[in-house]
Amino acid sequence: MKKIHINPFYLLVFFYLIVNFVYAIIGFYNGAMEIEFQYKVIDRNSFFYAFLFQLISIFFIVFAYIFASGNFRFKKSFEYSDKLGYFLLFGQIFYLIINLIYSANIAGSSEVFSGSPLLNIFFILLPFDILFFILGVSLKSNRLFYLNSLIYLISNLSRGWMGAPLLLLFAFLCRTEGFYINGKNLFKILISIIVFFLICPYLLELKWVIRGNYDIIDVIENVNKFGYEEYLMESMNYVFNRFQHVGHVALILDNSDYLSMKYDHMSNMVPYWAEGLIQSIFMNIAHIDGNLTFSRFATMYLFKVSLAQSWTTNVGMAGWFFILGYKVIFYILYILLILFIPFSFVAKYADRRLFLMLSTFSIFYLFHGWLFAYITFCTYILIIIFLSKIKL
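In this text, all values refer to a predicted model and were calculated from it rather than measured experimentally.

J.: What am I meant to see in the overall build of the protein chain here?
T.: Across its full length, the protein chain carries 18 helices and six strands. Over its C-alpha trace the protein chain gives a radius of gyration of 21 Å, about what one expects of a compact globule, namely 21 Å for 392 residues. Overall, the protein chain is about 55 × 55 × 55 Å in size when its C-alpha atoms are taken along their principal axes. The buried share among the 392 residues of the protein chain stands at 50%. Here the analysis covers contacts within the protein chain between residues at least 6 apart in sequence; of these, 75% occur between residues at least 24 apart. When the accessible surface of the protein chain is totalled, it reaches about 20,200 Å², and 67% of it is carbon and sulfur.

Structure below.
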């Protein structure tokens, strides 16, 4: 069998498109969909338009990827030293210990950090979960990369972030610049996928146990009580449902008149362009009002949750097309700006591994609508590359 090279970015794009296409068909056929564990009746045509604008959103990202990778030459000698590797390692360990001591940063928890405000500021300014992907993927030492990967995985699983294994998998794929499929490793890949789905019930239950502050030892017992086979089907459905976003976009389209009106007239609404760490700091310094993101408001309205509940669903790149009206032209320009600048900068001044990492995160974060996370990721990647060039 001839070797086939798999690019992690295109792999992720293809997977997202397939999953969302399938869910769009299911939603169109049923005229409804279960979203965030709630059954929602949605106009059939909304699924068609939702997927159409998802295609447009993906096109922007892929076009930026092709433009940047085709117009700039990657630096082959771009690597981070062992000193940075150890800094990242000890920083992650410190972050893990602090979170364990204070039971902080638990996924789905609305608890305020009870430790020192200085510690909180320290970890806001040095977000090691983000720094791992920026620094780790281009570390010179494989040993330090593996050690940092292990700490990252332990740190996130201990806080109930079950998406960490997937992000870590793509960090490995970006570091190796993809992988090859042939007759030998195809069987290994299939076995790995099967094993992953077999342990999914336990991973999913671990998520709920940690978020509910229960004993981890209860995971196996809870799965057995529920019934492994039934939990296996539930967990597989849950995993694929986390990749689909077409239902959320269709639901936003169905409620776009009301949501658009609220976005325009609520004085405390944070505009989409103000989401990001730098923007948040500026708004606080300038005393600019804005403490409710549109995603948070949409979650409260569409899923009837209170402000005190911490989970948030996002409108996605596609959802904004139905909210902004004629102002969507400025949104398109903003999207092009936050895609082409970081993509081109990384392609010109960093290596292909870091470029692939940024590209995959544009799918994980930006496509889903996690604007704050994506902008913050881009901010740090630009700062770190700039500092490495002036050799501070």
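Having seen the model, we can carry on.
J.: Whenever I open this one, the nonpolar core confuses me. Can you help?
T.: Side chains of a nonpolar character, in soluble globular proteins, are inclined to be buried together. Grouped together as the largest cluster of nonpolar side chains are 108 residues, with contacts concentrated most on W320, L339, L354 and Y374. For this core, the leading source of residues is helix α17 (residues 352-367), giving eleven residues. Sequence-distant contacts of W320, that is, excluding residues within four places in its chain, are made with Y263, Y272, F294, V315, Y331 and L371. Of all hydrophobic cores here, the second largest spans seven residues; its members include I106, M162, L206 and V219.

J.: Got a minute to help me understand the pattern of salt bridges in this structure?
T.: Pairs can form between side chains of opposite charge whenever their charged atoms are close. Applying the stated rule across the entire model yields four salt bridges. In this structure, the salt-bridge partner of E36 is R242, at a minimum N-O distance of 3.6 Å. Here the residue E36 occupies a position in the loop between β2 (32-35) and β3 (38-41), and R242 occupies one in helix α10 (residues 228-243), the gap between them amounting to 206 residues. Under the relative-accessibility criterion, E36 is labelled buried at 17%. One salt bridge connects K225 with E221, and the closest N-O pair in it is separated by 3.2 Å. Separated by four residues within a single helix, K225 and E221 lie in helix α9 (residues 218-226), roughly one turn from each other. The exposed category is assigned to K225, whose relative accessible area is 65%. The class for E221 is partly exposed, based on a relative accessible area of 41%.

J.: For this particular structure, what's the right way to read the packing of aromatic side chains?
T.: Aromatic ring pairs: the centre-centre distance and the angle between the two ring planes describe each pair. All chains considered together, the criterion is met by 57 aromatic pairs. On the numbers, 5.5 Å between centres and 85° between planes, the contact of F170 with F364 is edge-to-face. Placement of F170 in helix α7 (residues 164-175) and of F364 in helix α17 is noted, with a sequence separation of 194 residues between them. Since its relative accessible area comes to 8%, F364 is described here as buried.

J.: Is there a simple way to think about the environment of F123 in this case?
T.: Relative to the assigned elements, F123 resides in helix α4 (residues 117-125). Residue F123 is classed as buried on the basis of its relative accessible area, which comes to 11%. Along the primary structure F123 and F94 are separated by 29 residues, whereas in three dimensions their C-alpha atoms are 9.9 Å apart. Those residues in contact with F123 that sit more than four places away from it in its chain are F94, Y95, I98 and F128.

J.: What is the right way to read the pairing of β3 from this model?
T.: Along any regular strand the residues' side chains alternate between the sheet's two faces. Here β2 pairs with β3 via four bridges, running antiparallel. Across the sheet, the residue bridging to E34 is Y39, located in β3.

J.: I'm lost on a nonpolar patch on the surface in this one. Help?
T.: A cluster of nonpolar residues, L118, I121, I124, L125, I278, I281 and I285, forms a patch on the protein surface that exposes about 680 Å² of accessible area. Every element with two or more residues in the nonpolar patch is listed here: α4 and α13 (277-285). The element contributing the most residues to the nonpolar patch is α4, with four residues. Judged by its relative accessible area of 66%, L118 falls in the exposed class.

J.: Sorry, what's going on with the packing of helix α3 (residues 82-102) against α4 here?
T.: Each pair of packed helices gets described by two things: the angle between the helix axes and the distance between those axes. At their nearest, the axes of α3 and α4 sit 12 Å apart, and the two run at 135° to each other. As the angle between them shows, α3 and α4 are arranged oblique. The crossing of α3 and α4 is left-handed. Where α3 abuts α4, its residues F94, Y95, I98 and Y102 lie against L119, F122 and F123.

J.: Just checking my understanding: could you explain the environment of Y86 for this structure?
T.: With respect to the secondary-structure elements, Y86 resides in helix α3. Among the residues examined, Y86 registers a relative accessible area of 33% and is labelled partly exposed. With 160 residues separating them along the chain, Y86 and V246 place their C-alpha atoms 41 Å apart. When neighbours within four sequence positions are excluded, Y86 is seen to be in contact with R143 and L144.

Procedures and definitions
Residues numbered from 1 in each chain as written. Predicted model: local features only at pLDDT ≥ 70, side-chain atom pairs only at ≥ 80, totals over all residues. Heavy atoms only, no water. Helix = DSSP H or I, 4+ residues; strand = E, 2+ residues; numbered from the N terminus. Rg over C-alpha atoms; globule rule 2.2 N^0.38 Å. Buried < 20%, exposed > 50% of the residue type's maximum accessible area, 1.4 Å probe, protein only. Contact = heavy atoms within 4.5 Å. Areas by Shrake-Rupley, 256 points an atom, 1.4 Å probe, with all protein chains shown as cover. Core = buried A, V, L, I, M, F, W, Y, C linked by side-chain atoms within 4.5 Å. Salt bridge = Lys/Arg side-chain N within 4 Å of Asp/Glu carboxyl O. Phe/Tyr/Trp six-rings, centres within 6.5 Å; stacked < 30°, edge-to-face > 60°. Pairing = 2+ DSSP bridges. Patch = residues over 30% accessible without salt bridge, like charges linked within 9 Å, V, L, I, M, F, W, Y side chains within 5 Å. Axes fitted to C-alpha atoms, helices over the stretch in contact; angles between N-to-C directions. Parallel < 35°, antiparallel > 145°, perpendicular 65-115°, else oblique. Left-handed = near helix turned anticlockwise from the far one by under 90°.

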